[in-house]
Amino acid sequence: MSADGAVLVLNSGSSSLKYQLLHPDSGDKIAVGMVDQIGSVGASAEHQQAGRTWRHVGDLPDHHAALTQALAFFTDAGTHLADSDMLAVGHRTVHGGQSFSAPTLVDDTVIGEIDRLASLAPLHNPVNLMGIRAMRELLPDVPAVCVFDTAFFHDLPARAATYAIDRSVAATHHIRRYGFHGTSHEYVSGAAADFLGVSTGQINQIVLHLGNGASASAIRGGRPVDTTMGLTPLEGLVMGTRSGDIDPAIVMYLRRVSGMDIDDIDRMLNSASGLKGLCGENDFRAITDLVEAGDPDARLAYDVYIHRLRRYLGAYLIELGRVDAIVFTAGVGENAAAVRRDALADLQRFGIVLDDERNTTRIPGARRISSDDSEVSVLVVPTNEELAIARQAAALVRAG
Ligand code: ADP
């Protein structure tokens, strides 16, 4: 398949990066790849294209080297990206702060602004920038577009976006609730409306993006009115390794009594908390197995996870007043029937009734798992952030 008219979507993490080359209109994938352990001698890269797999193991010191390897894979597979008529490179970019409310063409000013926002997202924006800078060097003639995780939530109502802290401190340091996973919430809510045969403007939805990271959003007529993540992706639901909501005083208390410094606490809350902190596992499949085997820590982790999810479901049912659809997506949301069952147990009085057989029957694509007499449609809708990024990047480049 030719790369002409295709978009290369890049998701750069701290030591890994994922990419896909795809056609934005049809969604057809030309190639997918992943590089792991960037910066270590044991780095590994894998590229799949046209039914074949290419692998590389060995030193890849930085994101530039990782992407050079990715482009070499494309060349080995007969696709010369530098000579093809690609439409765009789309960069998943985590924090757009208050500056970016829509996909944005990369230039020096945009790079400077993403860099400035790094203090708000130290784990994400600097590594996103490494990918952006490397691609500008490697494919200088292809327009690059940043698609921000925060953009969909840019216009959250002030009552939902504002923390009740000293307003001058908040203003000086740009402290507000930004929300994340926006590309997924926007894509999934659009796909849910398509499935129901209505426009997003006609319905109210609660979207539950339950992956390793997890967030919920309340969407009224296509616009989000609340979401669980805040200044950073740490707030809200219990996640694989992140705590979600805690009493903020825990941070000060630990600082005073535990000997942990602020970076230790940051690491604990982001990487050693959530499900992993409670039971040692963050993969939901392992947790389900442990629960079935009677492991008490896994049971508690599962119960805390479901409890938090139901707390936000309740809040968003009240916030929206009328809910037409509850939509599950991402690794856990799409696959863990027990989580969907337990999250929505005993909610008949709110018009929410699952159909057990539909809930446990796997079929690809979007599907309804509520019973025919459930007032609220409960759906499973696979997310596809790469396609959403490719489409947004393509739309911006074509409009220009
Ligand atoms: P992210 O993009 O945030 O890394 P994903 O959306 O890929 O995360 O979701 C990863 C999570 O999905 C993991 O916790 C994994 O255990 C869970 N998951 C994947 N498949 C299944 C399954 N069949 N049953 C239960 N959980 C699953």
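Everything numeric in this text was worked out from a predicted model, so none of it was measured.

Enquirer: Provide a residue-level description of the packing of aromatic side chains, including the pertinent values.
Expert: Where two aromatic rings form a pair, the distance of their centres and the angle of their planes describe that pair. With the rule as written, the count across this model stands at six aromatic pairs. Here the aromatic rings of Y19 and F74 are separated by 5.8 Å at their centres, their planes lie at 45°, and the arrangement is tilted. With Y19 in strand β2 (residues 17–22) and F74 in helix α1 (residues 63–76), this pair connects stretches of sequence that are 55 residues apart. As far as burial versus exposure is concerned, Y19 and F74 are alike and both buried. Grouped by ring-pair contacts, the aromatic residues F284, Y302 and Y305 constitute a single cluster.

Enquirer: Can you lay out the layout of surface pockets for me, pointing to particular residues and giving the numbers?
Expert: Gaps left between atoms are located by rolling a probe of water-molecule size over the structure's atoms. For the second largest pocket, the calculated volume is near 1100 Å³. At the level of elements, α7 (249–257) and α8 (262–271) are the ones that each hand at least two residues to the lining of the second largest pocket. When residues of the lining of the second largest pocket are assigned to their parent elements, the largest contribution, five residues, is made by α8. Looking at side-chain class alone, the lining of the second largest pocket contains 18 nonpolar, eight polar and five charged residues.

Enquirer: I'd like a description of the sheet that holds strand β11 (residues 223–227), backed by residues and values.
Expert: Taken together, the six strands give an open sheet; going across it, the order is β11-β10-β9-β12-β14-β13, and neighbouring strands pair in mixed fashion. Pairing within the sheet leaves two strands with one partner each, and these edge strands are β11 and β13 (367–368). Bridge analysis of strand β12 (residues 325–329) against strand β14 (residues 377–380) gives four bridges, and the strand direction is parallel. Within β14, the residue paired with A325 across the bridge is S377.

Enquirer: Can you break down the sheet that holds strand β4 (residues 44–49) residue by residue, with the values?
Expert: Taken together, the eight strands give an open sheet; going across it, the order is β5-β4-β3-β2-β1-β6-β8-β7, and neighbouring strands pair in mixed fashion. The outermost strands of the open sheet, each flanked by one partner alone, are β5 (52–57) and β7 (104–105). Running over the sheet, helix α3 (residues 125–138) touches β1 (7–12), β6 (88–93) and β8 (144–148) and is turned about 170° from β6.

Enquirer: Run through the site of the ligand, naming residues and quoting values.
Expert: N212, D283, F284, G331 and N335 are the nearest of the 13 residues found near the ligand. Within the backbone of V332, an N or O atom sits 3.3 Å from an oxygen atom of the ligand. Protein chains bury 68% of the 580 Å² of accessible surface belonging to the ligand in isolation. For the shell around the ligand, the secondary structure elements donating two or more residues are α10 (284–292) and α12 (330–335). The dominant element in the shell around the ligand, judged by the number of residues it contributes, is α12, at four residues. Class assignment of the residues belonging to the shell around the ligand gives a composition of four nonpolar, six polar and three charged.

Enquirer: Please provide a residue-by-residue account of the side chain of H185, values included.
Expert: Summarising the element assignment, H185 is placed in helix α6 (residues 182–196). Every residue in contact with H185, bar those within four places of it in the chain, is listed here: F152, F153, F180, V207, H209, S215, A216, S217 and I219.

Enquirer: Residue-level account of the nonpolar core, with values.
Expert: In terms of nonpolar packing, the biggest core is built from 58 residues, with I206, L208, L210, Y305, I326, V339 and L344 touching the most fellow members. When residues in this core are grouped by element, the largest group, eleven residues, is from helix α11 (residues 296–320). Excluding residues within four positions of it along the chain, L210 makes contact with L237, Y305, L309, F328, T329, A330, G331, V332, G333 and V339. In terms of nonpolar packing, the next biggest core, distinct from the first, is built from 29 residues, L10, A45, L71 and A134 among them.

Enquirer: Any details on the pairing of β6? Residues and values, ideally.
Expert: Where burial is concerned, most of β6 is hidden: six out of the six residues are buried. Burial along β6 is two-sided: the face carrying A88, G90 and R92 and the face carrying V89, H91 and T93 are both buried. In terms of strand pairing, β1 meets β6 through four bridges, oriented parallel. Each residue of the ladder has a partner; that of L10, found in β6, is H91. Bridge count for β6 against β8 is five bridges, and the pairing is parallel. Residue pairing across strands places V89 opposite A144, the latter belonging to β8.

Criteria and thresholds
Residues numbered from 1 in each chain as written. Predicted model: local features only at pLDDT ≥ 70, side-chain atom pairs only at ≥ 80, totals over all residues. Heavy atoms only, no water. Phe/Tyr/Trp six-rings, centres within 6.5 Å; stacked < 30°, edge-to-face > 60°. Helix = DSSP H or I, 4+ residues; strand = E, 2+ residues; numbered from the N terminus. Buried < 20%, exposed > 50% of the residue type's maximum accessible area, 1.4 Å probe, protein only. 1 Å grid on protein atoms, 1.4 Å probe; cavity = no way out; pocket = protein on both sides within 12 Å on 5 of 7 lines; lining within 4 Å. Points joined across faces, edges and corners; volume = space filled by probe spheres on them. Nonpolar A, V, L, I, M, F, W, Y, C, P; charged D, E, K, R; others polar. Pairing = 2+ DSSP bridges. Contact = heavy atoms within 4.5 Å. Axes fitted to C-alpha atoms, helices over the stretch in contact; angles between N-to-C directions. Near = heavy atom within 4 Å. Polar contact = N/O pair within 3.5 Å; in protein donor to acceptor, adjacent residues only side chain to side chain. Areas by Shrake-Rupley, 256 points an atom, 1.4 Å probe, with all protein chains shown as cover. Core = buried A, V, L, I, M, F, W, Y, C linked by side-chain atoms within 4.5 Å.

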